[in-house]
Amino acid sequence: MRGVPRALPTGVRWEADGPLHRVVGHFCGFVIGPRDLGPVGPDLDRLITRQRDHFAARGEAVEWKIRGHDGPADLGDRLRAAGFVPGPTQTVLIGRAADLATEPRVPEGVALRRVAAEPDIRRIAKMEAAVWDMDWRPLHAFLTGQIAAAPDDMAVFVAEADGEVVSAAWLLLTPGGTFAGLRGGTTVPPWRGRGIYRALIAARARLALARGAEHLHVDASRDSAPTLQRLGFRPATTATPYMWTPAIRR
């Protein structure tokens, strides 16, 4: 799940720097590393600083996510020393696709469908933005860009009631891979607790299973992890995103 997608949106590219991959051209940059980076001490500090300065020259923010079993053990401390700020720690959960691929059941009056057209993606992004108080345009650009670049590897699902988007989620597929990634999963407050979230998991699990994936993977927030574990997901490790932006550089 750490690799760079085989196809990236127009204007987005990846660059190699030693053991790392940088993804540039998105709404923010991403640094992707292996489980064990290799460099330690001053060599690791120089590697971290080089990533920070690369994105500083571009005037872009960057996210570097590390897992609880990543090495070296002081990677997080060294990221903080370089000006990266840790976000909320997530729980990495794994579920068996076959166990989760049940028939999706939604409340009466709710319709569930897979979408790819730009107007639908725009509506989803605006719903997410309203719920999380954020700018809708980065998510819109990400989803439309990934669908255009690799339509078979990105599946977006929406739940609607009376023509309004009430929930949405998407699935990331890796051709030939045994893991598929669950992303999104936001439901507007009036519709929470009615089974829509579970139905979206089931719909994505069915598609993942049909495409040959054996397991589902999600970096779960503190709020969503208990729900996912009740559905059968099991914790594997933790994941912490470290962010650096020009505005918080010291």
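Just above, that's the structure.
Residues numbered from 1 in each chain as written. Predicted model: local features only at pLDDT ≥ 70, side-chain atom pairs only at ≥ 80, totals over all residues. Heavy atoms only, no water.

Asks: So what about the overall build of the chain? Which residues, and what values?
Replies: Across its full length, the chain holds seven helices and twelve strands. Dimensions along the principal axes, computed over C-alpha positions, put the chain at roughly 60 × 35 × 30 Å. Within the chain, buried positions represent 47% of all 250 residues. Looking at the chain alone, contacts between residues at least 24 apart form 71% of all its contacts between residues at least 6 apart. Positive and negative charge centroids in the chain, built from 33 and 27 side chains respectively, lie 1 Å apart. (Helix = DSSP H or I, 4+ residues; strand = E, 2+ residues; numbered from the N terminus. Buried < 20%, exposed > 50% of the residue type's maximum accessible area, 1.4 Å probe, protein only. Contact = heavy atoms within 4.5 Å. Lys, Arg positive; Asp, Glu negative; His and termini not counted. Charge placed at Lys NZ, Arg CZ, Asp CG, Glu CD.)

Asks: Explain the side chain of Thr240 to me, using residue names and the numbers behind them.
Replies: Mapped onto the elements, Thr240 comes out in strand 12 (residues 234-244). For Thr240, the side chain forms a polar contact with the side chain of Thr89, separated by 3.0 Å. Not counting chain neighbours up to four residues away, the residues in contact with Thr240 comprise Trp64, Lys65, Ile66, Pro86, Gly87 and Thr89. (Polar contact = N/O pair within 3.5 Å; in protein donor to acceptor, adjacent residues only side chain to side chain.)

Asks: Describe the pattern of salt bridges, naming the residues involved and giving the relevant values.
Replies: Tallied over the entire structure, the rule returns 20 salt bridges. The closest approach of N and O atoms between Asp135 and Arg137, which form a salt bridge, is 3.0 Å. Asp135 gets classed as partly exposed once you look at its relative accessible area, which sits at 36%. For Arg137, a relative accessible area of 53% puts it in the exposed group. Three or more residues joined by partner-sharing salt bridges are found here, namely Arg13, Glu15, Asp17, Arg22 and Arg50. (Salt bridge = Lys/Arg side-chain N within 4 Å of Asp/Glu carboxyl O.)

Asks: Mind laying out the pairing of strand 8 (residues 154-161), listing which residues take part and the relevant values?
Replies: By the criterion of burial, strand 8 is predominantly enclosed, with eight of the eight residues buried. Both faces of strand 8 are covered, namely the face carrying Met154, Val156, Val158 and Glu160 and the face carrying Ala155, Phe157, Ala159 and Ala161. The antiparallel pairing of strand 8 with strand 9 (residues 164-173) creates a hairpin that spans two residues between the two strands, and Asp162 there sits at a positive phi of about 55°. (Pairing = 2+ DSSP bridges.)

Asks: Provide a residue-level description of the packing of aromatic side chains, including the pertinent values.
Replies: Scanning all chains against the criterion turns up two aromatic pairs. Consider the rings of Phe27 and Phe30, whose centres lie 6.0 Å apart with planes at 90°: the pair is edge-to-face. For the ring pair Trp64 and Phe84, a centre distance of 6.2 Å and an interplane angle of 90° mean the geometry is edge-to-face. With Trp64 in strand 4 (residues 62-67) and Phe84 in the loop between helix 2 (75-81) and strand 5 (85-86), this residue pair connects regions lying 20 residues apart in the sequence. In this structure, Trp64 and Phe84 share a single accessibility class: buried. The positively charged end of Lys126 is found above the aromatic ring belonging to Trp136, 4.9 Å away from the centroid. Sitting over the face of the ring of Trp191, Arg194 holds its NZ or CZ atom 4.3 Å from the ring centroid. (Phe/Tyr/Trp six-rings, centres within 6.5 Å; stacked < 30°, edge-to-face > 60°. Lys NZ or Arg CZ within 6 Å of the ring centre and 35° of its normal.)

Asks: Tell me about the packing of helix 4 (residues 118-132) against helix 5 (residues 136-149), residues and numbers included.
Replies: Interaxial distance between helix 4 and helix 5 falls to 8 Å at its minimum, and their mutual angle equals 145°. Both helix 4 and helix 5 take part in a crossing whose hand is right-handed. Where helix 4 approaches helix 5, its residues Glu118, Ile121, Arg122, Ala125, Lys126, Glu128 and Ala129 are matched on the opposing element by Trp136, Leu139, His140, Leu143, Thr144 and Ile147. When its residues are assigned to classes, the contact of helix 4 with helix 5 shows seven nonpolar, two polar and four charged. (Axes fitted to C-alpha atoms, helices over the stretch in contact; angles between N-to-C directions. Left-handed = near helix turned anticlockwise from the far one by under 90°. Nonpolar A, V, L, I, M, F, W, Y, C, P; charged D, E, K, R; others polar.)

Asks: Tell me what's going on with helix 4, and back it up with residues and numbers.
Replies: Between the first and last C-alpha of helix 4 there are 21 Å, a value that for 15 residues agrees with the 21 Å anticipated at 1.5 Å per step. Along helix 4, the positions that sit buried rather than exposed are Asp120, Ile121, Ile124, Ala125, Met127, Glu128 and Ala129. For helix 4, the elements touching its buried residues are strand 7 (110-115), helix 5, strand 8, strand 9 and strand 10 (179-187). A positive phi of about 55° marks Asp133, the residue just after helix 4. (Expected span 1.5 Å × (residues − 1).)

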